[in-house]
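Next come the chains, spelled out residue by residue.
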Amino acid sequence: MPRRLFSCTPSRLAAFEDCPRRYRMTYLDRPAPPKGPPWAHTSVGVSVHNALHRWWDVPLPARTPERAGGLLRMAWVTDGFRDREQSAAWRERAAAMVEGYTAGLDPAAEPRAVERQVATRTEQLAFHGRVDRLDQRAGELVVVDYKTGRRPLTEADARGSSALALYALAAGRMLRTPCRRVELHHLPSGTVAVAEHTDASLQRHVQRAESVASDITEATDRLRAGADADAVFAPSPGPLCSWCDFRRHCPQGRAVSPDREPWEGLAE
Ligand code: SF4
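Definitions and cut-offs
Residues numbered from 1 in each chain as written. Predicted model: local features only at pLDDT ≥ 70, side-chain atom pairs only at ≥ 80, totals over all residues. Heavy atoms only, no water. Helix = DSSP H or I, 4+ residues; strand = E, 2+ residues; numbered from the N terminus. Rg over C-alpha atoms; globule rule 2.2 N^0.38 Å. Buried < 20%, exposed > 50% of the residue type's maximum accessible area, 1.4 Å probe, protein only. Contact = heavy atoms within 4.5 Å. Areas by Shrake-Rupley, 256 points an atom, 1.4 Å probe, with all protein chains shown as cover. Lys, Arg positive; Asp, Glu negative; His and termini not counted. Charge placed at Lys NZ, Arg CZ, Asp CG, Glu CD. 1 Å grid on protein atoms, 1.4 Å probe; cavity = no way out; pocket = protein on both sides within 12 Å on 5 of 7 lines; lining within 4 Å. Points joined across faces, edges and corners; volume = space filled by probe spheres on them. Nonpolar A, V, L, I, M, F, W, Y, C, P; charged D, E, K, R; others polar. Core = buried A, V, L, I, M, F, W, Y, C linked by side-chain atoms within 4.5 Å. Expected span 1.5 Å × (residues − 1).

By the naming in an unreviewed UniProt entry, the protein chain goes by RecB family exonuclease and is assigned to Parafrankia irregularis.

K.L.:
Would you explain the overall build of the protein chain in this entry?
P.N.:
Summing up its helical and strand segments, the protein chain has 10 helices and 6 strands in all. Relative to its length of 268 residues, the protein chain is compact, with a C-alpha radius of gyration of 20 Å against a globular reference of 18 Å. Structurally, the protein chain occupies a C-alpha span of about 60 × 50 × 30 Å along its principal axes. Here the protein chain, with 268 residues, has 44% of them falling under the buried criterion. The long-range share in the protein chain, meaning contacts at least 24 apart out of those at least 6 apart in sequence, stands at 67%. When the accessible surface of the protein chain is totalled, it reaches about 13,900 Å², and 52% of it is carbon and sulfur. A distance of 3 Å separates the average location of the 38 positive side-chain charges in the protein chain from that of its 34 negative side-chain charges.

K.L.:
Is there a simple way to think about the layout of surface pockets in this case?
P.N.:
Considered as a void within the structure, the second largest pocket measures approximately 480 Å³ in volume. Residue lining of the second largest pocket: 18 residues in total, with Arg3, Arg4, Leu5, Phe6 and Thr217 positioned closest to the centre. For the lining of the second largest pocket, the elements supplying multiple residues, two or more each, are strand E1 (6–8), helix H2 (20–28) and helix H8 (199–224). Taken together, the residues of the lining of the second largest pocket break down into 7 nonpolar, 5 polar and 6 charged.

K.L.:
Could you clarify how one ought to interpret the nonpolar core in this entry?
P.N.:
Taken as a class, soluble globular proteins show a tendency for nonpolar side chains to be buried jointly. The biggest cluster of nonpolar side chains holds 40 residues, and the ones touching the most others in it are Phe6, Leu13, Tyr23, Leu134 and Val143. Element by element, the count of residues in this core is highest for helix H7 (residues 162–174), at 8 residues. Dropping the residues within four chain positions of it, Tyr23 is found in contact with Phe6, Arg12, Ala15, Phe16, Leu28, Ile216 and Phe233. The next biggest cluster of nonpolar side chains, apart from the first, holds 25 residues, and it includes Leu72, Val98, Tyr101 and Val142.

K.L.:
Just to check I follow, could you spell out H7 for this structure?
P.N.:
For an α-helix the count is 3.6 residues per turn, leaving residues at separations of three or four pointing the same way. The terminal C-alpha atoms of H7, which comprises 13 residues, lie 18 Å apart, in line with the 18 Å expected from a rise of 1.5 Å per residue. If you check which residues of H7 are buried, you get Ser162, Leu164, Ala165, Leu166, Tyr167, Ala168, Leu169, Ala170, Ala171 and Gly172. Directly beyond the C-terminal end of H7, a positive phi value near 50° is found at Arg176.

Pasting the structure below:
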């Protein structure tokens, strides 16, 4: 009997690649183990994404940088900050970020889609995900992904991102328009990292994703057949364990990384 396609998002594949134990706790353990408290840097990212999404819904004459800042303030997510003062300071910092970013956009250049759900199938995968923005330039689609982390992104980050490549593949097929260019827009630095894919590079990302999916399927089958959970979904401890939502359930992760306060991921 043919095997069912592996249904996945980019986060699901990345979780297994980063740490199989974290994957198991996120996607398999039921009830899922309780997560740690929310992170302030996640609140910044969510607020910025929401503001930029809504900005494109504003009628064109009012689609100004000031309006972007207003949208950010209106839907500010306050979770994870040390106190009200820190939250307010970051709200203004994030408002300045979206105002600066939208000041560099042409408000009349309507994207083909914003926050668009895309999906496609390969021989082994049923892939779906949400693209921050799909531009149409010179007859081709461009995948735009907003980033708000500390570190500016590079061309290698854009080229190496399986998520962006699979978005490009799915968007191109769904909208029947060529889609090869992917862009990481890093708002704190105002930089854009660009990669142009080819059929071959997209195919390499598909193969990589299928290989991860096949490892996940094998590990899941072994777990269900009674194998030891820590043997088939081994922890992958490292410095990033400080930011893992499940570190309280993971002695190996806690042993190699310090505890962090929920606001310590902010680029102060
Ligand atoms: S703390 Fe580290 S090793 Fe443990 S589950 Fe999280 S990412 Fe994996």
